[in-house]
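Here are the chains, one letter per residue:
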There are 2 protein chains.
Amino acid sequence: MPTHYQGSAQEVLALNTFIKFTRGYESMTARLAQSGVLGDLTVSQFGVLEALYHLGSMCQGEISGKLLKSCGNITLVLDNLEKRGLVRRERDPEDRRMVTVSLTQAGEALIAQIFPRQVAAIVAELSCLTPEEQELLGKLCKKLGVRSSI
Amino acid sequence: MPTHYQGSAQEVLALNTFIKFTRGYESMTARLAQSGVLGDLTVSQFGVLEALYHLGSMCQGEISGKLLKSCGNITLVLDNLEKRGLVRRERDPEDRRMVTVSLTQAGEALIAQIFPRQVAAIVAELSCLTPEEQELLGKLCKKLGVRSSI
DNA sequence: TGATATTATTTCAATATCAAAACATTAGTG
DNA sequence: CACTAATGTTTTGATATTGAAATAATATCA
């Protein structure tokens, strides 16, 4: 479904690229989410557990930064994870403004079980690209991602 | 921030590609949303207006399909657009299960004003890639998008 | 024709998400 | 020390999003 927009060649190219990029991302992540690999975790909950698992305990602001989500959002996601006993929150005794978040045993066990399955699902999703194509896609996306505001 | 996962070369490549892809998409769309180009429209509302603008009136199920969103979601987004007088809903007299959605004059005027600005913002976002790179990115993303479940 | 299946939309409950305001705590400065 | 920044988190109100259940309308077929 290319754009119907009547614009310059540059505009049409950029728009079509944007549409394919967006649809590629959205359809891929939708398939991953629907694959059942995450069990009853939401994508956000998985993201938080995965960050804590691989990077270790950190405060909420750091989680917010890593996942590119607002602090208010992280507060809610952590509330839900805490209710289920998957993470623990502790006020930092050094600086009582901050809350240090860490995985509980249950949280660590769960993410240790789910993460490899998610990796397998991602490998399968990307298997339609050769290793060279994956490398290339990564490089192009990196250029789009890092752009500090010009 | 590459993956910290200790896996096979294939797994590490796929994961790193996935991370760059995700971050490229999320940081780019976050910048577009924050650019102010959309005024007080949300991204979803813009998506609906844009589809109606370029593809013409259609029923809710079609909108849902084009935007890859659930029908329940589209119902809500349309409620909000309808409150603002930007779209009109009419039961299809041929098949009264369906609701045909069309732009009002106000809706058409608004999207006609906003769309070119959004195009300009997208062109600017993609300007860090050469036309050849954009072409290539589009091709790679298309492979990821169209994959019917293997 | 009448029972059943299919299709389109809405409703509901839960989670996500943001921006802005409110709070709490710490840091800095005169 | 007291007043003011700045920082980190929570709260609030609005919109988004899904999946499942509920509704409504149409199609099918015995």
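Conventions adopted
- The numbering scheme is per chain: residues are counted from 1 as the chain's sequence reads.
- Labels follow written order: the first chain is A, the first ligand is 1, and so on.
- Restriction of local features to residues with pLDDT of at least 70 applies here, the model being predicted, together with a cutoff of 80 or more for giving and counting side-chain atom pairs; totals for whole chains, interfaces and linings are based on all residues.
- The side-chain figures draw on all heavy atoms in the structure; neither hydrogens nor water molecules are used.
- Comment: elements are numbered from the N terminus, with helices defined as DSSP H or I runs of at least four residues and strands as E runs of at least two.
- As defined in this context, the radius of gyration uses C-alpha atoms, and a globule is described by 2.2 Å times the residue total to the power 0.38.
- Relative accessibility under 20% of the residue-type maximum defines a buried residue, over 50% an exposed one, and the middle range a partly exposed one, all with a 1.4 Å probe and only protein chains included.
- A contact between two residues is defined here by any heavy atoms of the two lying within 4.5 Å.
- Surface exposure here means Shrake-Rupley accessible area, sampled with a 1.4 Å probe, where a residue is shielded only by the protein chains that are shown.
- Asp and Glu are treated as the negative residues and Lys and Arg as the positive ones, with His and the ends of the chain left uncounted.
- Charge positions come from single atoms, namely NZ of Lys, CZ of Arg, CG of Asp or CD of Glu.
- Each copy is superposed on the other by least squares, with the fit set by C-alpha atoms of residues at a pLDDT of at least 70 in both.
- Aromatic contacts are taken between Phe, Tyr and Trp rings whose centres are within 6.5 Å, Trp giving its six-membered ring; a plane angle under 30 degrees counts as stacked, one over 60 as edge-to-face, and the others as tilted.
- One speaks of a salt bridge when a side-chain nitrogen belonging to Lys or Arg is within 4 Å of a carboxyl oxygen belonging to Asp or Glu.
- The term buried area denotes the loss of accessible surface (1.4 Å probe radius) that occurs when two parts are joined, taken as the sum for both partners.
- Under the grouping applied here, Gly and all other residues not named as nonpolar or charged are polar, the nonpolar ones being Ala, Val, Leu, Ile, Met, Phe, Trp, Tyr, Cys and Pro and the charged ones Asp, Glu, Lys and Arg.
- To obtain each axis, a line is fitted to C-alpha atoms, and for helices this fit is confined to the stretch in contact; angles are then taken between N-to-C directions over 0 to 180 degrees.
- Each helix crossing is assigned a hand: it is left-handed if the near helix lies turned anticlockwise from the far helix by less than a right angle, otherwise right-handed if that turn is clockwise.

Student: Quick one: what's the story with the overall build of chain A, residue by residue and with numbers?
Tutor: Assigned secondary structure in chain A consists of six helices and three strands. Ordered by position from the N terminus, the helices and strands of chain A form the series α-α-β-α-α-β-β-α-α. A compact globule built from 150 residues would reach a C-alpha radius of gyration of about 15 Å, whereas chain A, at 19 Å, exceeds it by more than 25%. If one aligns the C-alpha atoms of chain A with their principal axes, the spans along those axes are about 60 × 35 × 25 Å. Counting every position in chain A, which comprises 150 residues, the buried fraction comes to 43%. For chain A, the proportion of contacts with a sequence separation of at least 24, taken over those separated by at least 6, is 48%. Working note: accessible area of chain A is about 7,800 Å², and carbon and sulfur atoms make up 54% of it. Between the mean site of the 17 positive side-chain charges and the mean site of the 16 negative ones, chain A shows a separation of 4 Å.

Student: Describe in detail the relation of the copies chain B and chain A, supporting the description with residues and values.
Tutor: After a rotation of 180° and a shift along the axis of 0.0 Å, chain B superposes on chain A with an RMSD of 0.0 Å. What the rotation and shift describe, once combined, is the action of a two-fold rotation axis. Measuring from the rotation axis to each C-alpha of chain B, the shortest distance belongs to L137(B), at 3.3 Å. Most of the interface of chain B is mirrored in chain A, where 100% of its interface residues are also at the interface.

Student: For the packing of aromatic side chains, give the residues involved together with the corresponding values.
Tutor: One pair of aromatic rings is described through two measures. These are the centre distance and the angle between the planes. With the rule as written, the count across this model stands at six aromatic pairs over all chains. With a centroid separation of 6.4 Å and an interplanar angle of 10°, the aromatic rings of F46(A) and F115(A) are classed as stacked. With a gap of 69 residues between them, F46(A) in helix α2 (residues 43-55) and F115(A) in helix α5 (residues 105-126) connect regions that are remote in the sequence. Residue F46(A) is classed as buried on the basis of its relative accessible area of 10%. You can call F115(A) buried: its relative accessible area is 4%. A network of ring pairs unites the aromatic residues F21(A), Y25(A), F21(B) and Y25(B) as a single cluster.

Student: Break down the pattern of salt bridges for me, with residues and values.
Tutor: Across all of its chains, the model carries 12 salt bridges over all chains by this definition. Residue E133(A) pairs with K143(B) through a salt bridge whose shortest N-O separation is 2.9 Å. You can see E133(A) sitting in helix α6 (residues 131-146) and its partner K143(B) sitting in helix α6 (residues 131-146), one on each of two chains. In the salt-bridge network here, residues are joined through shared partners; they are D79(A), E82(A) and R89(A).

Student: Lay out the interface of chain B and chain A in plain terms, naming residues and giving numbers.
Tutor: Taken together, the 50 residues of chain B in the interface contact 51 residues of chain A. Together chain B and chain A conceal approximately 5,400 Å² of surface at their shared face, both sides included; 73% is due to carbon and sulfur atoms. In this assembly, chain B and chain A are joined by two salt bridges. At the level of elements, α1 (9-34), α2 (43-55), α3 (60-67), α5 (105-126) and α6 of chain B are the ones that each hand at least two residues to the side of chain B that touches chain A. In terms of residue count, α1(B) provides more of the side of chain B that touches chain A than any other element does, 18 residues in total. Split by residue class, the side of chain B that touches chain A holds 27 nonpolar, 11 polar and 12 charged.

Student: Quick one: what's the story with the packing of helix α1 (residues 9-34) of chain A against α5(A), residue by residue and with numbers?
Tutor: Residue and element names in this part refer to chain A. Interhelical geometry of α1 versus α5 gives an angle of 140° and a closest axis separation of 11 Å. In this structure, α1 crosses over α5, and the sense of that crossing is right-handed. In this structure, α1 contributes M28, R31 and L32 to the contact, and α5 contributes Q118, A121, I122, E125 and L126. Classifying every residue of the contact of α1 with α5 gives five nonpolar, one polar and two charged.

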